[in-house]
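# Analysis of the macromolecular model
Each chain, written out:
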Amino acid sequence: MDGEEGTRIDEEARAQGISREELLKRAAVAGLAIAGAGGLARSATAAIDASFPKRGGTFRLGVPGGSAKDIIDGQYIVTTPDIARMMTGWETLVVNDGQFKLRFDGLAEEVSPNEAADQWTIRVRHGIEFHNGKTLGAADVRYSLQRLINPKVGLGGQALLASIDPARIKKLDKRTVRLFLKQPDGTILDALTLYTNTIVPVGYSPTGAGKANPNVGTGAYKLQSFTPGQQSVHVRNPNYWRSGQPFFDKVVIIDFPDDTARVNALLGGQVDAITDVPPALIPLISNHSGTKVLESPGAAWPPICMRVDQAPFNDVRVRQAFRLIANRPQMVQQAFSGHGRIGNDVYSPFDEAYDTSLPQRHQDIDRAKSLLKAAGQEGLTVDLQTTAAALGMNEGAQVFAQQAKAAGVKVNVKVLDGGTFYGNQYLSWTFSTDFWNPKSYLSQVAAGSAPNSPYNETHWPDSKHQNFLSLYNKAKKTADRKKRFAIEHQMQKMEYDAGGYIIWGFNNRLDGYSSKVKGLKTGYKSTLALNQFGNGYRTIWFG
Amino acid sequence: MSGSVAAPTAVPAGAARPRRQRPVVLLLRRAGRLGRTRVGLVLVLVLVGTAIFGPFFAPHAPSEFVSLPYAHPSSATLLGTDHIGGDVLSRFLWGGRSVLGLSVAATAIGLVLGAAIGLVAAYSRSILDDVLMRGMDVVLAFPSIVLALVAVATVGPKIWLLVLVVGLTTAPRVARVTRGASVEIVERDFVQAAEAIGESRFKILVGEVLPNITSTLLVEASLRLTYSIGLIAGLSFLGFGLQPPDADWGLMINENRQGLTIQPWGVVLPVLAIALLTIGTSLIGDGLSRAAAGIDRGGIEE
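These figures come from a predicted structure and were not determined experimentally. (Residues numbered from 1 in each chain as written. Chains lettered and ligands numbered in written order. Predicted model: local features only at pLDDT ≥ 70, side-chain atom pairs only at ≥ 80, totals over all residues.)

## Comments concerning the overall build of chain B
A count of helical and extended segments in chain B gives 13 helices and zero strands. Taken from N to C terminus, the helices and strands of chain B fall in the order α-α-α-α-α-α-α-α-α-α-α-α-α. The dimensions of chain B, computed from C-alpha atoms along their principal axes, are 75 × 45 × 25 Å. In chain B, which comprises 302 residues, the proportion classed as buried is 49%. Within chain B, contacts between residues at least 6 apart in sequence are counted, and of these 71% link residues at least 24 apart. (Helix = DSSP H or I, 4+ residues; strand = E, 2+ residues; numbered from the N terminus. Buried ≥ 20, exposed ≤ 12 C-beta atoms within 10 Å, placed from the backbone. Contact = placed C-beta atoms within 7 Å.)

## Some points on the overall build of chain A
Secondary structure assignment for chain A yields 17 helices and 21 strands. Residue pairs in contact within chain A that sit at least 24 positions apart in sequence constitute 72% of those at least 6 positions apart.

## Section: helix α6 (residues 127-141) of chain B
A rise of 1.5 Å per residue sets the reference length of α6(B), with its 15 residues, at 21 Å; its end C-alpha atoms lie 21 Å apart and thus fit the reference within 8%. By the criterion of burial, α6(B) is predominantly exposed, with just one of the 15 residues buried. (Expected span 1.5 Å × (residues − 1).)

## Structural notes on the domain arrangement of chain A
When cut into domains, chain A gives domain 1 (3-51), domain 2 (58-67 + 219-297 + 509-542), domain 3 (91-192) and domain 4 (302-502). Residues that form the side of domain 3 of chain A that touches domain 4 of chain A fall into these classes: six nonpolar, three polar and two charged. (Domains from an automatic or database assignment. Nonpolar A, V, L, I, M, F, W, Y, C, P; charged D, E, K, R; others polar.)

## A word on the nonpolar core
Ranked by internal contacts, the top residues of the largest apolar core, which has 147 residues, are A:L61, A:A321, A:I325, A:F400 and A:Y537. With six residues, the single largest contributor to this core is helix α12 (residues 393-404) of chain A. The residues contacting A:I325, other than those within four sequence positions of it, are A:Q363, A:I365, A:A368, A:Q403, A:A404, A:A407 and A:V409. Counting 74 residues, the second largest nonpolar core, distinct from the first, contains B:L79, B:A171, B:W249 and B:A292. (Core = buried A, V, L, I, M, F, W, Y, C linked by C-beta atoms within 7 Å.)

## Examining the interface of chain B and chain A
By a widespread convention, an interface's size corresponds to the accessible area lost as its parts come together. On the chain A side, the residues contacting the 16 residues of chain B number 21 residues. Looking at the side of chain B that touches chain A residue by residue, the classes come out as eight nonpolar, eight polar and no charged.

## Describing helix α12 (residues 249-256) of chain B
Burial of α12(B) is extensive: eight of the eight residues sit out of reach of the surface. Here α12(B) has its buried residues at B:W249, B:G250, B:L251, B:M252, B:I253, B:N254, B:E255 and B:N256.

## Brief notes about the environment of B:A106
All names here are of chain B. The topology assignment puts A106 in helix α5 (residues 96-124). Taking C-alpha positions, A106 is 8.8 Å from I232, a pair spaced 126 residues apart along the chain. Apart from residues lying up to four places away in sequence, A106 is in contact with V163, V166, G167, T170, S228 and I232.

## Details of the packing of helix α10 (residues 328-336) of chain A against α12(A)
A pair of packed helices is characterised by two quantities: the angle between their axes and the separation of those axes. Residue and element names in this part refer to chain A. Look at α10 against α12: their axes get within 9 Å of each other, and the N-to-C directions meet at 135°. Here α10 lies oblique to α12, going by the angle between them. The crossing of α10 and α12 is right-handed. The segment α10 lies against α12, with Q330, M331, Q334 and A335 engaging E395, G396, V399 and F400. In terms of residue class, the contact of α10 with α12 is built from four nonpolar, three polar and one charged. (Axes fitted to C-alpha atoms, helices over the stretch in contact; angles between N-to-C directions. Parallel < 35°, antiparallel > 145°, perpendicular 65-115°, else oblique. Left-handed = near helix turned anticlockwise from the far one by under 90°.)

## A look at the confidence of the model for chain A
On average, chain A scores 86 in pLDDT, and the residues at 70 or more come to 89%. Confidence over residues 1-50 of chain A falls short of pLDDT 50; this stretch has 128 contacts with residues more than four positions distant or in other chains. (pLDDT = per-residue confidence, 0-100.)

## Focus on unusual backbone geometry
That bond from A:Q245 to A:P246 is cis: its omega, -10°, falls within 30 degrees of zero. Mapped onto the elements of the fold, A:P246 is located in the loop between β9 (231-236) and β10 (250-256). Following B:P244, the chain continues to B:P245 via a peptide bond in cis, the omega torsion being 10°. Mapped onto the elements, B:P245 comes out in the loop between α11 (214-237) and α12. Residue A:H459 is not a glycine yet carries a positive backbone phi of 60°.

## Some words on the sheet that holds strand β4 (residues 108-113) of chain A
Residues and elements named next belong to chain A. Read across the sheet, four strands follow the order β4-β5-β7-β6 without closing on themselves; strand pairing throughout is antiparallel. The open sheet has two edge strands with one neighbour each: β4 and β6 (164-173). Going across the sheet, the axis of each strand differs from the next one's by a mean of 20°, ignoring polarity. Here β6 pairs with strand β7 (residues 176-181) via five bridges, running antiparallel. By the bridge assignment, I169 is partnered in β7 with L179. Packed onto the sheet, helix α4 (residues 138-149) meets β5 (119-124), β6 and β7 and runs at close to 175° relative to β6. (Pairing = 2+ DSSP bridges.)

## Side note on the environment of A:S432
All names here are of chain A. The residue S432 is located in strand β17 (residues 431-433) in this model. Each C-alpha atom of the pair S432 and E457 lies 8.3 Å from the other, and the pair is 25 residues apart in sequence. When residues no more than four places from it in sequence are discounted, the contact partners of S432 are C305, L384, Q385, T386 and E457.

## Thoughts on the pairing of β10(A)
All names here are of chain A. Burial of β10 is extensive: five of the seven residues sit out of reach of the surface. Where strand β1 (residues 58-64) meets β10, seven bridges bridge the pair, whose relative direction is parallel. Pairing of P64 across the sheet is with F256, part of β10. Note: β9 against β10, five bridges, orientation antiparallel. Each residue of the ladder has a partner; that of Q231, found in β10, is I254.

## Quick look at the packing of helix α7 (residues 144-155) of chain B against α11(B)
All names here are of chain B. Their axes nearest at 11 Å, the elements α7 and α11 cross at an angle of 45°. Taken together, the axis directions place α7 and α11 in an arrangement best described as oblique. Classified by chirality, the crossing of α11 by α7 is right-handed. From α7, S144, I145 and A148 reach across to α11, where they touch L231, G234 and L235. Class assignment for the residues of the contact of α7 with α11 results in four nonpolar, two polar and no charged.

## A look at the confidence of the model for chain B
Residue and element names in this part refer to chain B. Averaged over all residues, the pLDDT of chain B is 85; the fraction at 70 or higher stands at 90%. Between the elements of chain B, mean pLDDT differs from a low of 46, seen in helix α1 (residues 13-20), to a high of 94, seen in helix α4 (residues 88-94). Taken as a whole, residues 1-20 scores under 50 in pLDDT and shows 21 contacts with residues more than four places along the chain or in a different chain. Contacts for the low-pLDDT stretch residues 298-302, under 50 throughout, to residues beyond four places or in other chains number five contacts. Interface predicted TM-score (ipTM) for the complex: 0.74; the corresponding pTM is 0.78.

This is how it looks when you write it as structure tokens:
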């Protein structure tokens, strides 16, 4: 039953072309959170709100997108609002903190590998209850992992948790399971931080929201009502396992497909917070008394993608030339209104494995020209396909096209509607834009840079870089972080030198909130909006 | 009804022609005396002038980045910047040519095609008349914007396609009017005389019938132009017209609408331009049609 419904949603999304929501979904499917990133060595800049947390109130959140396709499933999302709703009631075994340091601050008190990293033991905390009163135990963990990786259910956990053998998850005692992997995997712990890899009760199925299979999790709020495309109401879970939390009596999540309407709702006081503020509208919120903008360092990226297996980009010199054409600071200025930072053609900058020693690439029109000349591609004309699925896609394409003129390259920007862009030809465009949410390096490779990746726009690696894959497999098996990072650096160098992405910038996360909302932090390396939705709406309150 | 229609049938077509031109000249002269036509003319001239000559006065290139997105007006950017930091004034001055050019082209296609179909239908006096006109009714039954969207979604955003589709959706209306106007002309003696001396159908339609409906067509042309401007601008707004970084009024509205509350010029300017242009062509059309009605009623005195 689960299987049918999961696949159906997936097929529907495909049939209708992938819109922004679906895109977010697929990013999530492949691992949206930065799994596996240890904290960067930088010190926390979090400004702790001094006021004392208070109980009470109804927190109303405006989220972008949403449609009749909205769902609430503890382990699966289709549209953007689904993320905000999932965070109310479902929790992961381990979590990343605001500096992307892995913390045993989730449902598990222990997740540990054996020496070969081919067996992992998971023990959940004592005395945690689901919303229906059932106590969390080993059987729930086993069921949850099986549901996540079951291809018939189609939740897409396969990409990150592929090494888990669903038939060999052994219950050791009431709270402990042991996973016997198909092959050694040092990244299991990181994968378990992904916010969709949550724990649900045995037999969980979201459409069975009635008696037999209630739509419950372990999170701070219980689902009260839900109208897809409109809003959902969540009430405080009185038996929540963390003492004192949460603070709100109720959380209401409202869909606002229109950006301006969402901003106006915040300004007018109809909602207490909104996610995804367009950079252009920041002054409206910051100049308005009683509302503030929450800006967090970004790691989402709208790359320009060159297919490494198709002319003219099958010649590495053309790819290198195009990367040198990009004036990255200007792109960040014009496309993000300056709310972001420049990229260096390598993804996952939050990841501890990100190689900061690679020299920053700058615009070099002369070298770009000579590379194009050497490749016999002077005066090249190419079509750049793009769509307005995320901030920076159309804008970045437009700015790049302008910059390319200096190198004698004519870039024709083709703005397509989402249905066409993400339709049949998606992933076969020769030259296109796309967007990705932050992920750890290896998760990103699994999602978009390997031959069996679900969303490999660039068709990397090309024939000359096939050892990229053996490095990837080696890295996955290496449990020792230092050794693994060294391998990941080798992979990053290959992509830095010859990859098919132009990663020109990372946009900051921008949310808006009423100043009566307390507990939000600055400098939080957040993969999700509003500091991970107040860590599941439990670390924010009305002051 | 009019002098030209009553022209002696024996007179060769060549000799009759100069006199047949007169109603059009008369129509224009009469329409020019109406206040609405003059206002319309001024509006259209100003905007067409802006569209054609504007680029020569633009302070920046249309795709140049001059400042941060949605910057407020300053000395460097008189009307501020757009969604990506381009100069609003420069893009406005550059952006009229496409709207105007495409609309005129689309109207021309619609007019030629519609007039041809209408004339053939009226002249055929057979089943062909019904087939053609019911075919036109079928096309009319679809909202033109839907037809345009279907075509663009199937083939992709191509400029020629846009012009063609808008032209095609214009044609049925022109065809109906043309047929209506010519159906009684084709019964006239001079047409039958032309038939009797063995003139080709094409010659009869173009040489005998068409000159008698030019006034009607002129009125129709200005009304259809109004409609085409609206449709072309609408399709550009939806992203099916010119592609960025090219400047286009319809596209500008779409690009900058998010910043309307912050930096309104990027939206207000093209909106005003398109509105005034359509009002202008509409007023001219109205003036022409009133003048034509007057001619019909009062005959020709001048």
